[in-house]
Amino acid sequence: MGMSEEVAQRYEKFITESNRTADREKNSESNIESYDGLDNIIFKPGFVRLNLPFFASAKCINFIKKAILLMADHGWKLLPLFDFERKTGKWWYREEQTFQPDKSLKDINFTKGFSCMKSSSSQERYKDTNTPIFKRFPGLDYDEIIERATYILNDVSKPNQYDLSDQTLEYKGDADELRWFMLPSEAADIIHQREVQYVAPEKLPFMPVALSEKLNNKQNKRSS
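No experiment lies behind these values; they were computed from the predicted model shown.

## Quick look at the pattern of salt bridges
Right, so step 1: In this structure the tally under the stated criterion is six salt bridges.
Right, so step 2: The salt bridge partner of Arg10 is Glu177, with a shortest N-O separation of 2.9 Å. On the criterion of sequence distance, the pair formed by Arg10 in helix 1 (residues 5-17) and Glu177 in helix 6 (residues 174-178) is long-range, its members being 167 residues apart.
Right, so step 3: Overall, the relative accessible area of 32% leaves Arg10 in the partly exposed class.
Right, so step 4: Judged by relative accessible area, which is 47%, Glu177 ranks as partly exposed.
Right, so step 5: Asp143 is paired through a salt bridge with Lys66; the nearest N and O atoms lie 3.7 Å apart. Separated by 77 residues along the polypeptide, Asp143 in helix 5 (residues 142-156) and Lys66 in helix 3 (residues 58-74) bring together distant segments of the chain.

## Topic: the nonpolar core
Right, so step 1: Residues Tyr11, Phe43 and Tyr171 are the most contacted members of the largest nonpolar core, which totals 13 residues.
Right, so step 2: Broken down by secondary-structure element, the contributors of at least two residues to this core are helix 1 and helix 6.
Right, so step 3: The element contributing the most residues to this core is helix 1, with four residues.
Right, so step 4: Those residues within four positions of Phe43 in sequence are excluded, and the remaining contacts are Tyr11, Phe14, Ile15, Arg86, Tyr171, Ala175, Leu178, Arg179, Trp180 and Phe181.

## Thoughts on the packing of aromatic side chains
Right, so step 1: By the definition in use, this model includes 11 aromatic pairs.
Right, so step 2: When the ring of Phe82 is compared with that of Tyr93, the centres are 5.7 Å apart and the planes differ by 55 degrees; the resulting orientation is tilted. Taken together, the positions of Phe82 in strand 1 (residues 82-84) and Tyr93 in strand 2 (residues 91-93) put the pair 11 residues apart, joining distant regions of the chain.
Right, so step 3: Overall, Phe82 belongs to the partly exposed group, its relative accessible area being 30%.
Right, so step 4: Their ring planes at 55 degrees and their centres at 6.3 Å tell us that Trp180 and Phe206 sit as a pair that is tilted. On the criterion of sequence distance, the pair formed by Trp180 in the loop between helix 6 and helix 7 (184-191) and Phe206 in the loop between helix 7 and helix 8 (209-223) is long-range, its members being 26 residues apart.
Right, so step 5: Take Trp180: its relative accessible area is 36%, and that puts it in the partly exposed class.
Right, so step 6: Using a relative accessible area of 12% as the deciding quantity, one classes Phe206 as buried.
Right, so step 7: Through successive ring pairs, a cluster of aromatic residues spans Tyr11, Phe14, Phe43, Phe84, Trp91, Tyr171, Trp180, Phe181 and Phe206.
Right, so step 8: The positively charged end of Arg179 is found above the aromatic ring belonging to Tyr171, 5.7 Å away from the centroid.

The rules behind each value
- All residue numbers refer to position in the chain's written sequence, counted from 1.
- Confidence filtering applies because this is a predicted model: local features only for residues at pLDDT of at least 70, side-chain atom pairs given and counted only at 80 or more, and all residues used for totals across whole chains, interfaces and linings.
- Remark: hydrogens and water are excluded; side-chain values derive from all non-hydrogen atoms of the structure.
- Note on definitions: salt bridges are taken to be side-chain nitrogens of Lys or Arg within 4 Å of carboxyl oxygens of Asp or Glu.
- Only runs of H or I of at least four residues qualify as helices and only runs of E of at least two qualify as strands under DSSP, and these elements are numbered from the N terminus.
- Each residue is placed in one exposure class: buried if its accessible area under a 1.4 Å probe, protein chains only, is under 20% of its type's maximum, exposed if it is over 50%, and partly exposed if it falls in between.
- Among buried residues, the Ala, Val, Leu, Ile, Met, Phe, Trp, Tyr and Cys ones that are joined through side-chain atoms within 4.5 Å form a nonpolar core.
- Whether two residues are in contact is decided by their heavy atoms, any of which lying within 4.5 Å being enough.
- The pairing test for Phe, Tyr and Trp rings, Trp by its six-membered ring, is centres within 6.5 Å, and the orientation test on the planes gives stacked under 30 degrees, edge-to-face over 60, and tilted for anything in between.
- Cation placement over rings: the criterion is NZ of Lys or CZ of Arg within 6 Å of the ring centroid and within 35° of the ring normal.

Right, dumping it as structure tokens:
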């Protein structure tokens, strides 16, 4: 991930110990010695590993690549539609009135010949997930799905969407230095063409080695 040992230790301390002192002081007044959990899980660095099935067609693989590149370039436009909890790292759609129950791999079965979720009253709004993707969008091919996704991303980035308060005010000190992700309010500011404080890639707390090498190669080409 391109993270030094020193930075990794800073993250570990910030995520696991940032709230312990306050909690211990609070608990000592009530003669409680236990700590109720971690804090700042939203800062936990991570990565995604993509495994492509060997039996997938070239057309399918190409579609997956296009979808990943589309989200890498434009996925940030969806951020104003979501909110998150700093302590747990959970994200949710802003129009949800309450937290939806977490889904588990135990809820998946393949009795119908494809993966589907066990239905419950609290999951009625997700019942469409019990229908295979190719039946949910009959007649759509891969290119049409990409076109539809592109339209949605362009439409959602119109300035009349959510106008959020400045969330950067909540991130000072270590929180500001260790934050590696864009906030929904920052995405909204970009969409509304307001001034945003950008962070140069080399000033990020860490950067994947492959990305760092790619940026260095681009800079070398420009300077040559």
